[in-house]
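# Breakdown of the fold
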Amino acid sequence: MDETEKRWTEHAKVLIGKKIKSVRYMSKSEAEDFGWYKRPLVIIFEDNSLIYSSMDDEGNDGGALFGLSEDGAMDFPVI
């Protein structure tokens, strides 16, 4: 693992132990505030912190989420 990967892996550990309180799609007004046309899924945790996907590192638009579970693929498109 290179230094960049190590640094960002450590940064991501802030997510460990968080519990999801709710999920919703980003509102039209929230997306407009970012200048986005696509509205991604928003994951809200019990401590009221939240995460959402972006199409790139610069935050140019909303992005889709992809995952896997025992039941198969979990895909959450932008709307």
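Looking at the element boundaries, Arg39 is found in the loop between helix H2 (28–34) and strand E2 (41–45). Buried charge without a salt bridge: Arg39, with Glu30 as the nearest opposite-charge side chain at an N-O distance of 7.4 Å. In terms of polar contacts, Arg39 uses its side chain to reach the backbone carbonyl oxygen of Met26, at 2.8 Å. Setting aside its immediate chain neighbours within four residues, Arg39 contacts Tyr25, Met26, Ser27, Lys28, Ala31, Pro77, Val78 and Ile79.

With that settled, consider the pattern of salt bridges. All chains considered together, the criterion is met by four salt bridges. Taking the shortest distance from any N to any O, the salt bridge between Lys13 and Glu10 comes out at 2.8 Å. You can call Lys13 partly exposed: its relative accessible area is 40%. With a closest N to O distance of 2.5 Å, Lys18 and Asp47 form a salt bridge. Linking Lys18 in the loop between helix H1 (3–12) and strand E1 (20–25) with Asp47 in the loop between E2 and strand E3 (50–52), this pair joins segments that are 29 residues apart in sequence.

Now for the nonpolar core. Of all hydrophobic cores here, the largest spans five residues; its members are Met26, Ala31, Trp36, Val42 and Ile44. Residues contacting Ala31, with those up to four places away along its chain left out, are Met26, Trp36, Lys38 and Arg39.

Another point: the sheet that holds E1. Judged by pairing direction, the sheet is antiparallel, and its three strands sit side by side in the order E1-E2-E3 without closing on themselves. Of all strands in the sheet, those with a lone pairing partner are E1 and E3, marking the two edges. Neighbour-to-neighbour, the strand axes of this sheet turn through a mean angle of 20 degrees, independent of strand direction.

Parameters at a glance
- Residues numbered from 1 in each chain as written.
- Predicted model: local features only at pLDDT ≥ 70, side-chain atom pairs only at ≥ 80, totals over all residues.
- Heavy atoms only, no water.
- Helix = DSSP H or I, 4+ residues; strand = E, 2+ residues; numbered from the N terminus.
- Buried < 20%, exposed > 50% of the residue type's maximum accessible area, 1.4 Å probe, protein only.
- Lys, Arg positive; Asp, Glu negative; His and termini not counted.
- Salt bridge = Lys/Arg side-chain N within 4 Å of Asp/Glu carboxyl O.
- Polar contact = N/O pair within 3.5 Å; in protein donor to acceptor, adjacent residues only side chain to side chain.
- Contact = heavy atoms within 4.5 Å.
- Core = buried A, V, L, I, M, F, W, Y, C linked by side-chain atoms within 4.5 Å.
- Pairing = 2+ DSSP bridges.
- Axes fitted to C-alpha atoms, helices over the stretch in contact; angles between N-to-C directions.

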